[in-house]
Protein chains: 2
Amino acid sequence: MEHDKSGVSVGVVEKKVFTFAEPPNEMCMESGSGLGPLTLAYETYGNLNHEKSNAILILHALSGDSHVAGYYSEDDPRPGWWDIMVGPGKGIDTNKYFVVCSNILGGCMGSTGPGSINPKTGKPFGLDFPVVTIGDMVTAQKALMDQLGIKRILSVVGGSIGGLQVLEWCLRYPEMVVSAIPLATTPKHSALTIAFNEVARQAIMADPNWNKGDYYNGAKPDLGLAVARMIGHITYLSDESMRHKFGRRLQDRSDFSFNFDADFQVESYLRYQGSKFVERFDANSFLYITKAADYFDLTRRYDSGSLVKAFSRAMAKFLVVSFTSDWLYPTYQSKAMVKAMKKNGLDISFCEIEADWGHDAFLLPNERLTDIVKGFLERVYNETES
Amino acid sequence: MEHDKSGVSVGVVEKKVFTFAEPPNEMCMESGSGLGPLTLAYETYGNLNHEKSNAILILHALSGDSHVAGYYSEDDPRPGWWDIMVGPGKGIDTNKYFVVCSNILGGCMGSTGPGSINPKTGKPFGLDFPVVTIGDMVTAQKALMDQLGIKRILSVVGGSIGGLQVLEWCLRYPEMVVSAIPLATTPKHSALTIAFNEVARQAIMADPNWNKGDYYNGAKPDLGLAVARMIGHITYLSDESMRHKFGRRLQDRSDFSFNFDADFQVESYLRYQGSKFVERFDANSFLYITKAADYFDLTRRYDSGSLVKAFSRAMAKFLVVSFTSDWLYPTYQSKAMVKAMKKNGLDISFCEIEADWGHDAFLLPNERLTDIVKGFLERVYNETES
């Protein structure tokens, strides 16, 4: 897909940083550890209105970052990861809304994470970085919102692990969240999702270069991280989407190689995705972020066992979206959430979108998704203004 | 489950070996390579009748072996892998039938495989072992049947990769197969199944101990093989079975560890399965067997693109069984097979069994499965005798 840099895109944007919890202060983590100073890399798009009532906070998934839309320069070949949704006149209209997106705590795209320098040692944290939770990520995002002077967020929006943060926002700071759009997400990871994450972590930790997380001055655990990413990519697709996309088509040959090269296109695709990922992602961040996602459980944190009780704290208007072929966060998990929201009398819209592309569907061009996001935001914005 | 060694089990059995394709002969492989001499480890249960009309050939899946039932000694703690199905009075009744099971070519449980000594070098083959196909495995099994004097096999039976061999038997040696029971299997691997196998292979090959397959005199690629096995175990279960079996239950603790230990029971289960597997399985065999399974495609080998044409060669009576929660070889793949068989006017029974346990269901106790296998075998045996 081609994006017109001058027209439909937000154009050239800049990554900014926000530092907080500076000594003698520290951020108190859910694990009980303290951490500080902390930096969040973030980007903004559009303008905050005078009433500060048009802010939208976008929360990214595992491999995302603060660069949700636009280009870093005139000759940047690729736009941000959700440029199809965020921009002038798009589903999340930057002519109308002030969009904020920050790299998550524990990440490796400018925010403090295991690859950052530990001020106590002058060396990268590695495994000395405390285990973060989705709640910790949200606490850090709240500090950024405070810094920007935003007291009420028109909408918090995110898919997958970004969706976990959306849900956490609604229960941790209910009075701040006017509306919320959790996409392709879940109130808690299933055993299947934990299993996939655990095997991916084991692949990283099996790489001798991982060296118990201490590899920043030497060879990186690229082979292990590549395998972890390949596992992820399988879970982002679906049986059907892989059948359409690859089937049993062979790669550059008419017959089998009869060796262990990539014979099938799906094999080349996975190898390519794995090798590309290691160029831009830190293996320790992969461990920390997936662990945070596995720990996430609204019913554990906010009321023992009851999703209905957990959502009794929420005040937001919700648009919940799931996708038919998503087997990582299947529709039944969204429906359980919706049921609990309804029992609390919340203002809730739910949409299961017919899509072949598995979990990845929330990131792909989808007119229906764009329309419902746009319509929902317009409604809550108008209701807020009136 | 407790098995009574004296009564319902076949009791103590012995592993035998059969060697063939001895110099100057070689077995001609589908890849064009020649291989010989070859050894198959096999076991037999019950007695071959005078007419040699009661032979059942059981074909094992990835991690199975020739030891389908019974015990190797009086104090052997565990019976063979399908003892619940094979034995006196069981689904496959060894009082009535003569059961044969051999370890597949390329395996590591007594049959010739990549860990065997290459007669040309005096060292283990490693990657010098030719890539085998499901067809090659069946060719070797045919040699064993010839050796045992069996010209007509009452039934060839197997699940998963064993099921691929069942289908191959029916098209490669149609006149020899009276009936066939392919369980939880497919006429060709989907892109999803190839993807899982490829990532598992990549995990093995990423282990530096793998050393391009040359590790038999040093440290083995145990960490890589363990990750490969963990990936496999996820695919053998299902979202639902994992939810029942593990849910989000924690392992020996009431709260999270806030480190990278196994917090959840599902994590411990996978780690345990991985570490147990490396004690008994050869990493190169894992590569060869999964590659053979990925290559398998009845429509490619027997008629370009058409499953109907492929099955026009078959003469067997079929009992096809799939399981509702099997997402590795889902029911729609069995149904495609059944449709093609029906179009050829074959005698076919198809049963989709309601089971929560995913792909693994075919190996678990299931009264319905036992009953239909037993009933089907009785019918074909009676029809053959009459």
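Summary of the structure given here. (Residues numbered from 1 in each chain as written. Chains lettered and ligands numbered in written order. Predicted model: local features only at pLDDT ≥ 70, side-chain atom pairs only at ≥ 80, totals over all residues.)

1. Remarks on the overall build of chain A
Using the following cut-off: Strands are runs of DSSP state E lasting at least 2 residues, helices are runs of H or I lasting at least 4, and numbering of each runs from the N terminus. Both definitions apply: the radius of gyration is a C-alpha atom measure, and the globule rule equals 2.2 Å times residues to the power 0.38. Buried residues are those with 20 or more other C-beta atoms within 10 Å of their own C-beta, exposed residues have 12 or fewer, and partly exposed residues lie in between; C-beta atoms are placed from the backbone.
Along the backbone of chain A there are eleven helices and 14 strands. Computed over the C-alpha atoms, the radius of gyration of chain A is 21 Å, within 12% of the 21 Å expected from 2.2 N^0.38 for a compact globule of 386 residues. Seen through its C-alpha atoms, chain A measures out along the principal axes to roughly 70 × 50 × 50 Å. The 386 residues of chain A split such that 56% are buried.

2. Description of the interface of chain A and chain B
Heads up, the condition is: Throughout, a pair of residues is in contact if the C-beta atoms placed from their backbones lie within 7 Å. All residues other than Ala, Val, Leu, Ile, Met, Phe, Trp, Tyr, Cys, Pro, Asp, Glu, Lys and Arg, Gly among them, are scored as polar; the first ten of these are nonpolar and the last four charged.
Between chain A and chain B, the contact holds 41 residues from the first and 41 residues from the second. The set of elements that each furnish at least two residues to the side of chain A that touches chain B consists of helix H3 (191-205), helix H4 (222-236), helix H5 (239-245), helix H6 (265-277) and helix H7 (283-295) of chain A. With ten residues, the top contributor of residues to the side of chain A that touches chain B is H3(A). Along the lines of polarity and charge, the residues of the side of chain A that touches chain B split into 25 nonpolar, six polar and ten charged.

3. Brief notes about the nonpolar core
If you look at soluble globular proteins, the nonpolar side chains tend to sit buried side by side. Going by this rule: Under the definition applied here, buried Ala, Val, Leu, Ile, Met, Phe, Trp, Tyr and Cys residues are grouped into a nonpolar core through C-beta atoms within 7 Å.
Val199(A), Val227(A), Ile231(A), Val199(B), Val227(B) and Ile231(B) are the most contacted members of the largest nonpolar core, which has 260 residues in total. Contacts of Val227(A), omitting those with residues within four sequence positions, involve Ala203(A), Gly274(A), Val199(B), Gln202(B), Ala203(B), Ala206(B) and Val227(B).

4. Digging into the sheet that holds strand E8 (residues 98-102) of chain B
All names here are of chain B. Keep this limit in mind: Any two strands are treated as partners once DSSP identifies two or more bridges connecting them. Axes, fitted as lines to C-alpha atoms, cover a helix only where it is in contact. Angles between the N-to-C directions of the axes lie from 0 to 180 degrees.
Judged by pairing direction, the sheet is mixed, and its eight strands sit side by side in the order E1-E4-E8-E5-E11-E12-E13-E14 without closing on themselves. Looking at strand neighbours, the two that pair on one side only are strand E1 (16-20) and strand E14 (348-353), the edges of this open sheet. Across the sheet, the mean angle separating the axes of adjacent strands is 20° when strand polarity is ignored. Against the sheet, helix H1 (residues 134-147) contacts E1, strand E4 (38-45), strand E5 (55-59) and E8, and its axis sits at roughly 55° relative to E4.

5. A few points about the packing of H4(A) against helix H3 (residues 191-205) of chain B
Rules: Each angle gets one of four labels, with under 35 degrees taken as roughly parallel, over 145 as roughly antiparallel, 65 to 115 as roughly perpendicular, and the rest as oblique.
Between H4(A) and H3(B), the least distance of the axes is 10 Å, while the angle of their chain directions is 170°. Between H4(A) and H3(B), the angle is such that the two are roughly antiparallel. On H3(B), the residues that touch Val227(A), Met230(A), Ile231(A) and Ile234(A) of H4(A) are Ala195(B), Phe196(B), Val199(B), Gln202(B) and Ala203(B). Looking at side-chain class alone, the contact of H4(A) with H3(B) contains eight nonpolar, one polar and no charged residues.

6. Digging into the relation of the copies chain A and chain B
The pair of chain copies shares a relation made of a rotation about an axis and a shift along it. Convention followed: A least-squares superposition brings the copies together, and it is based on the C-alpha atoms of residues with pLDDT no lower than 70 in both.
Of the transformation superimposing chain A on chain B, the axial component is 0.0 Å and the angular component is 180°, with the fit at an RMSD of 0.0 Å. A rotation of that kind, with that shift, is consistent with a two-fold axis. Looking at the interface residues of chain A, 100% of them are also at the interface in chain B, so both copies use one shared face.

7. A word on helix H11 (residues 367-385) of chain B
Since the α-helix advances by 3.6 residues per turn, residues separated by three or four positions end up pointing in the same direction. All names here are of chain B. The following threshold applies: What a helix is expected to span follows from its residue count: subtract one and scale by 1.5 Å. Directions are taken from the helix axis to each C-beta atom, and the arc is the one they span.
For H11, spanning 19 residues, the distance from its first C-alpha to its last is 27 Å, which sits close to the expected 27 Å at 1.5 Å a residue. Where H11 is concerned, the buried positions are Leu 369, Val 373, Phe 376, Leu 377, Val 380 and Tyr 381. Looking straight down H11, one finds that the buried residues subtend no more than 130° of arc, so they occupy a single side. When the buried face of H11 is taken as reference, the exposed residues oriented beyond 90 degrees from it are Glu 367, Arg 368, Asp 371, Glu 378, Asn 382, Glu 383 and Glu 385.

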